[in-house]
Amino acid sequence: MTSLLERFIPEARDYLEQAASCLLKLERDPSADSLINDLFRSVHTLKGASGLFDIPSFTRLVHAAEDVLVAVREQQIPMTSALVDLLLDSLDQVSAWVDALDGSGGLPPEADGLSAGLSQRLRVLLPQSEESAVPAEVTTYAPQEWLAEFAAGEIGMARAVAQEADMPLLALDYMPDEGCFYRGEDPVGLVLQLTGLQALRIRLRGGQPDIAGFDPFRAGIVIRALVVQPRQEVEHLFRYVADQMSLGVVSAEGGQSAPASGAAGPGAGATAALYPMALRILGEQIRIAGMGGDDEGLIRRIVSVEATAARLLTALGWSVREGEMAEVAAAACAGNAAGLIALLTSLERRLEAALAPAMAETSLAASAVSQIVPPDVAETAGPEGRPLSKILKVDQAKVDSLMNLIAELVVSKNSLPFLARRAEEVYGSRDMGREIKDQYAVIDRLAQEMQRAIMDVRMLPVSEVFERFPRLVRDISRKLGKTIDLKISGEDTAADKTIIESLSDPLIHLVRNAMDHGIETPEQRRTAGKSETATLHLRAWQEGDQVMIEVADDGRGINADIIRAKAVERDLLTAERAAGLGDQEAINLIFLPGFSTASKVSDLSGRGVGMDVVRTAIEKVNGQVMLTSEVGRGTSVRLSLPLSMAVTRVMMVEVGRGLYGLPMDGVVETVKIPASGIRRIKQAEAFVLRDAIVPLVRMHQLLEEPKAPDAEEEAVLVARVGGSLVGLVVDRFREGIDVILKPMDGILAGIRGYSGSALLGDGRVLLVLNLKELL
Amino acid sequence: MPVTFGKTIVRCRDVCTVEEALPLLEFLRTGRNVRVDLAGCTYLHTALVQVLLAVRPRITGRPADPALARWLMPLLTESAVHAV
């Protein structure tokens, strides 16, 4: 895949996403002018960009959609629900083709047929006008006249072959456009590629020309052929010039059925978004043109450069002096590429000039182009009035590698305190130790800031996850026959990329659940005295260092009694226990694995793969799920997730032979308790801290480390676990450090009590404890 | 160069691309009694076909490419001229 295609694919996905979003909003508010303009712009830009690749079916379909949108904008046709459906289907098809391009670099074989079909369905909606893609000269012809060009013998032979092959005999009428050579087209070459060619006639239009004034570069021929080949193949071969040819079937009696002409080809007219790509292409062409040499490769290169430049001009809607391209190309073939390079360079300058103001409204696609932009390019307002700052599209892998480097930096800097200690203890240089500590403080601060900055880069808005829901809700609500109004708020709330990604599946499930189980049918709602249209509210906001997501519906709510009954029925707990549960606790039974209250499993939410999966997924990223509900009023599921996977500050302690870390946010204080201060209460120990009795836990017992010899004083780390204080007896306190906490992996993942491990500056591994699980 | 010019003969060999059309036309324009030899030609751009159809010089030689030989030669060597 060329790098150009690599860049086109994510851009195409963006345009499609924008278009779909506009379309859905437009369905609700058909009169919004700004929406139709944004929609048009996305489709138009997509059309232009696609014209640079060998994907005419793609471009043709997008073009048809664009023409329909123009008609809607001009208020010639209304934006009905059916039209929205058709446009969405078309966008889906184009999206599938983008995936195909991503996977294999090309369109699937049925693309031509599908494109023709959908384009036809779109174009049929257009108001009938004189607009047509037929070239100026006549294409209606009487069958007899047409066939009379061929000798009877030829026709007879062709018919026989067709019969033998059990295929209709096709009649091809191809009138290449005058300027087609400049577009790199070779009509005769194209026709000779027809494997099923039976008869061929090539004529000059308008009879024998005057040789003196004849322009060999202006195509002036008509080609007619009889072909026995599958129609799809012929259409595919002529996909670029579908508007210059027509294909009919020669009927048995020698007549001809109505020709089916191809749809209009990609139109000219570029938008600013094309310029960066065009610039890249031009640069490449200039380089190739300058490669020189005098071999056969030179001619092929020059021909290719010329063809590419011609296509570029067409895509941009620009032109050069007639014949100029051919002249300089011919000279280049003869060995002098100066003219060609000069021409291409002048185009380049035109592009650069056009780019400067255009840059303000498009995103920068490549750093190669960035130096052209004047440094104080204005910030223009985006569609919703948000100022669009300069945006860099960066490969995710680069950001990830930056993150890893910073993580290593954070770890390496931790070796400095160790060094400082060694300087003092081993080498007896206290001054050295102090200097190292000072430097460490500076480096520590810088590393932390860098870490924060890179974490910031990874922050994504939740809209990344939310934006698929309007479409999802629309499709599913129609399928279920329910009217659901989706409200989204707080989509700008941001969190770390990993967190955002982990939200996607759980949210889909929650939304589907709400639509399927939570929300009643319109009749049920009417009987209940509610409005027929249900509301589904998707909200996001920030609370402290957590990001909160809420999925709330105004449906039938969850009946605690029903849940109790089902839980007992599924043997999840005994009837007595169930009766003893409060309503909120009963509702939370939903989170138990194997639970599903829908008596009929709909194909949407599945069976029992329910809330427990959601909870597991959320807890995996250190989040929480909370569910509240009111019978008859609705249900609300609230997710709380950490804003970022940041660095954890831990307190190191020595216990027995090992070094352990305790997350600093749980640590209240460190104290030294005299042995006499420890009280025994039955089996447990405790001590008095100010006015409270704090239970004591001997860490060496918990962690199965050897016990240190009894001392007069015990080092106790007071921590808050699950709301109450607990004292942890350790051997020694060590310093607090920042670590990148890596969750336990592989076979260790199942061991309770550890939130993860971290790498220390001296290469040792620190096990960080999860007190909630340990105690 | 694929298209070479002698005194009374133009030879089109191998790949004859669109740029050859102008030199070919100019040579044929001179009015001299020349012939065009297509022996060994593997590719002939439409522009050149067009020139040959317009000038209708004497064509000799058989193109190396089978499709050219089979389909184009008859059209270029036809004696009658049909208008559209």
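Residues numbered from 1 in each chain as written. Chains lettered and ligands numbered in written order. Predicted model: local features only at pLDDT ≥ 70, side-chain atom pairs only at ≥ 80, totals over all residues. Heavy atoms only, no water.

### Re the confidence of the model for chain A
Residue and element names in this part refer to chain A.
Now for step 1: Here chain A averages 79 in pLDDT, while 85% of its residues score no lower than 70.
Now for step 2: Below a pLDDT of 50 lies the segment residues 130-142, which in the model reaches 14 contacts outside its immediate sequence neighbourhood of four places, other chains included.
Now for step 3: In the model, residues 358-387 has pLDDT below 50 throughout and makes 39 contacts with residues more than four positions away in sequence or in other chains. (pLDDT = per-residue confidence, 0-100. Contact = heavy atoms within 4.5 Å.)

### Concerning helix α22 (residues 560-569) of chain A
All names here are of chain A.
Now for step 1: Among all positions of α22, only A560, I563, R564, K566 and A567 are buried.
Now for step 2: Buried residues along α22 sit against α23 (575-580) and α24 (583-587).
Now for step 3: The opening residue of α22 is N559, an N-cap whose side-chain oxygen sits 2.9 Å from the backbone nitrogen of D561.
Now for step 4: Once α22 finishes, D571 follows within two positions and takes phi at roughly 60 degrees, a positive value. (Buried < 20%, exposed > 50% of the residue type's maximum accessible area, 1.4 Å probe, protein only. Helix = DSSP H or I, 4+ residues; strand = E, 2+ residues; numbered from the N terminus. Polar contact = N/O pair within 3.5 Å; in protein donor to acceptor, adjacent residues only side chain to side chain.)

### Considering the pattern of salt bridges
Residue and element names in this part refer to chain A.
Now for step 1: According to the stated counting rule, one finds 46 salt bridges over all chains in the structure shown.
Now for step 2: In this structure, the salt-bridge partner of E685 is R680, at a minimum N-O distance of 3.6 Å.
Now for step 3: Overall, the relative accessible area of 14% leaves E685 in the buried class.
Now for step 4: Among the residues examined, R680 registers a relative accessible area of 58% and is labelled exposed.
Now for step 5: A network of salt bridges, in which partner residues are shared, links E27, D85, D92, R471, R474, D475 and R478. (Salt bridge = Lys/Arg side-chain N within 4 Å of Asp/Glu carboxyl O.)

### Description of the environment of L172(A)
Residue and element names in this part refer to chain A.
Now for step 1: Summarising the element assignment, L172 is placed in strand β1 (residues 169-174).
Now for step 2: The class of L172 is buried, set by a relative accessible area of 0%.
Now for step 3: L172 sits 76 residues away from G248 along the chain, and the two C-alpha atoms are 6.6 Å apart.

### Section: the interface of chain B and chain A
Now for step 1: On the side of chain A, 39 residues touch chain B, which itself brings 33 residues to the contact.
Now for step 2: Overall, the association of chain B and chain A removes approximately 2,900 Å² of surface from exposure, summing both partners, and the carbon and sulfur fraction of that is 69%.
Now for step 3: It is E19(B), Q50(B) and W71(B) that lose the most area in chain B upon contact with chain A, and together they represent 24% of the buried surface on that side.
Now for step 4: Joining chain B to chain A, the criterion identifies zero salt bridges.
Now for step 5: The interface formed by chain B and chain A contains eight residue pairs in polar contact (both at pLDDT 80 or more).
Now for step 6: Contributions of two or more residues to the side of chain B that touches chain A are made by β3 (14-16), α1 (21-29), β5 (41-44), α2 (46-55) and α3 (66-77) of chain B. (Buried area = accessible area lost by both parts, 1.4 Å probe.)

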